[in-house]
Amino acid sequence: MPTLAVSIGEPSGIGPEVIIAAWRMRKAAALPAFYVLGDAALLAARAGRLGLNIPIVETTPAEAAARFDAALPVVPLENWLVDAPGAPAQANAAGVIEAIRRGVEDVVAGRAAALVTCPIAKKVLYDAGFSFPGHTEFLGHLAKGHTGKTVIPVMMLTGPDLRTVPVTVHQALAEVPGSLTREMIEEKGRIVARDLVERFGIAAPRIAVSGLNPHAGEEGSMGREDIEIIKPAIETLRAEAINAFGPLPADTLFHKAARSAYDAALCMYHDQALIPVKTLAFDETVNVTLGLPFIRTSPDHGTAFDIAGKGVARPQSLMEAIKLARRLADNVARTAS
Ligand SMILES: NC(=O)C1=CN([C@@H]2O[C@H](COP(=O)(O)OP(=O)(O)OC[C@H]3O[C@@H](n4cnc5c(N)ncnc54)[C@H](O)[C@@H]3O)[C@@H](O)[C@H]2O)C=CC1
Ligand SMILES: NCC(=O)COP(=O)(O)O
């Protein structure tokens, strides 16, 4: 069984040090084997800054699992990365993008079982000409390039007690009402329902759908999107035997009793989905992309430039992302065999 690929993400953020910390905790945490698509010199430099002297080995995806116990396996990139914690450099952008692209190539070719991505600094990449809002959309584009099929990548945050999916993702709040469509809600609802069954093993997923406006629009008096866009989308999903229900007022969707009524909440915009799950379990939550022809997970946090290089970044979310990637890849392999 192939091992997991981990893309290094933004080198000036906490990615390199949470990778190092996760590898150091591999035995205690029973972490599945992985290799880093990155730069061994950068990882050694970051370890040195933290007063650590860890063995790092340059290797290949095929040999990484056998090396994992004794050293942190690194599959080197063609682009060089500079270690400057807290000070992102545009010069690193090519390597950051290469790591993601190479990870997808490895998974598609069967050299890796799944891809785990460390956080990128979106603005740094935009300034270097990167034209995708984030990993999610870039991975959809790469997947289409490999398969020739249209791919709708769907962001889901999954924590111990809550899964949430933003229907609109990386866009200005002012643009959300105008861009929200019935088709978008239906497409994402279908993918969530399918992947909860096929990847997460939930036989009959229950999908709560939030409203957009306060009180889900208060019968149209506080906005009409809930009635005109969200409700018809739910009806379509239900007609397809998907157990979606709502639109529900978002302010009462996430308390403990409410959470027990669904397996995932389909939310209308980024913060509506991400605030509750990160507030409940910042260190345990994982970002997973549904709808791709391969498994991709990521820690829920970002680059955390404010603490990069200080040795205080917690690796738990990355470790959960690694464990989930392994579990999902194994589920998919079991179903296919
Ligand atoms: N998957 C990805 O590539 C993601 C990338 N980002 C990017 O990260 C950058 C910074 O985003 P922010 O909103 O500031 O969020 P952030 O998650 O980087 O930081 C928010 C706060 O949480 C703290 N924090 C984050 N992770 C931590 C950890 N593992 N241990 C201890 N403290 C931690 C930080 O120090 C900071 O105070 C942005 O450019 C954003 O686009 C954000 C989220 C996900
Ligand atoms: N806020 C979530 C986030 O920014 C992660 O985005 P992506 O890079 O996984 O698409």
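Residues numbered from 1 in each chain as written. Chains lettered and ligands numbered in written order. Predicted model: local features only at pLDDT ≥ 70, side-chain atom pairs only at ≥ 80, totals over all residues.

The chain is annotated in an unreviewed UniProt entry as 4-hydroxythreonine-4-phosphate dehydrogenase of Chelativorans petroleitrophicus. Checking UniProt for the chain, the heading Subcellular location (unreviewed entry) contains the comment "Cytoplasm". Per UniProt, the chain has the following entry under Subunit (unreviewed entry): "Homodimer." (UniProt positions renumbered as here; feature names shortened; annotations may be inferred.)

Draft legend 1. Local environment of the sheet that holds strand β5 (residues 112–117). The sheet built from twelve strands is open, its strands ordered β3-β4-β2-β1-β5-β12-β11-β6-β7-β10-β8-β9 with mixed pairing. Looking at strand neighbours, the two that pair on one side only are β3 (56–58) and β9 (243–248), the edges of this open sheet. For this sheet, the mean inter-axis angle between neighbouring strands, taken without regard to orientation, is 30°. The sheet contacts of helix α8 (residues 182–198) involve β6 (154–158), β7 (163–166), β8 (206–210), β9, β10 (264–267) and β11 (286–290), and relative to β10 the element is tilted by about 165°. Along the sheet, helix α9 (residues 225–239) contacts β8 and β9; its crossing angle with β9, the most-contacted strand, is approximately 165°. (Pairing = 2+ DSSP bridges. Helix = DSSP H or I, 4+ residues; strand = E, 2+ residues; numbered from the N terminus. Axes fitted to C-alpha atoms, helices over the stretch in contact; angles between N-to-C directions. Contact = placed C-beta atoms within 7 Å.)

Draft legend 2. Focus on the UniProt feature "binding site: substrate" (unreviewed entry) in the chain. The residues that UniProt annotates with the feature "binding site: substrate" (unreviewed entry) are His-135, Thr-136, Lys-278, Asn-287 and Arg-296. Discounting chain neighbours no more than four positions away, the residues touching Lys-278 are Thr-285 and Asp-300. Here Arg-296 lies in strand β12 (residues 296–299). Those residues in contact with Arg-296 that lie beyond four places of it in its chain are Ala-114, Leu-115, Thr-117, Leu-139, Val-288 and Thr-289.

Draft legend 3. Highlighting the environment of Ala-250. Here Ala-250 is to be found in the loop between β9 and α10 (256–259). Sequence-wise, Ala-250 and Met-268 are 18 residues apart; in three dimensions their C-alpha atoms are separated by 9.4 Å. Those residues in contact with Ala-250, other than ones at most four positions away along the chain, are Ser-210, Gly-211, Cys-267 and Gln-272.

Draft legend 4. Here's a closer look at the confidence of the model for the chain. Taken residue by residue, the chain gives an average pLDDT of 97. The fraction at 70 or more is 100%. Confidence estimates for the predicted assembly give a pTM of 0.97 and an ipTM of 0.98. (pLDDT = per-residue confidence, 0-100.)

Draft legend 5. Seen up close, the domain arrangement of the chain. In terms of domain boundaries, the chain breaks down into domain 1 (1–153 + 292–337) and domain 2 (155–286). Placing a centre on the C-alpha atoms of domain 1 and another on those of domain 2 gives a separation of 28 Å. Taken together, the contact between domain 1 and domain 2 spans 18 residues of the former and 15 residues of the latter. A per-class count over the side of domain 1 that touches domain 2 returns seven nonpolar, eight polar and three charged. (Domains from an automatic or database assignment. Nonpolar A, V, L, I, M, F, W, Y, C, P; charged D, E, K, R; others polar.)

Draft legend 6. Quick look at the nonpolar core. Residues Leu-4 and Ala-114 are the most contacted members of the largest nonpolar core, which totals 104 residues. Per-element accounting of this core gives the leading share, eight residues, to helix α12 (residues 316–336). Shared between two domains, this core holds at least three residues of each, these being domain 1 (1–153 + 292–337) and domain 2 (155–286). (Core = buried A, V, L, I, M, F, W, Y, C linked by C-beta atoms within 7 Å. Buried ≥ 20, exposed ≤ 12 C-beta atoms within 10 Å, placed from the backbone.)

Draft legend 7. Structural view of helix α1 (residues 15–24). The buried fraction of α1 amounts to nine of the ten residues, a majority that puts the element mostly inside the structure. Residues Gly-15, Pro-16, Glu-17, Val-18, Ile-19, Ile-20, Ala-21, Ala-22 and Trp-23 constitute the buried set of α1. Buried-residue contacts for α1 involve β1 (3–7), β2 (34–38), α2 (40–49), β4 (72–76) and α12.

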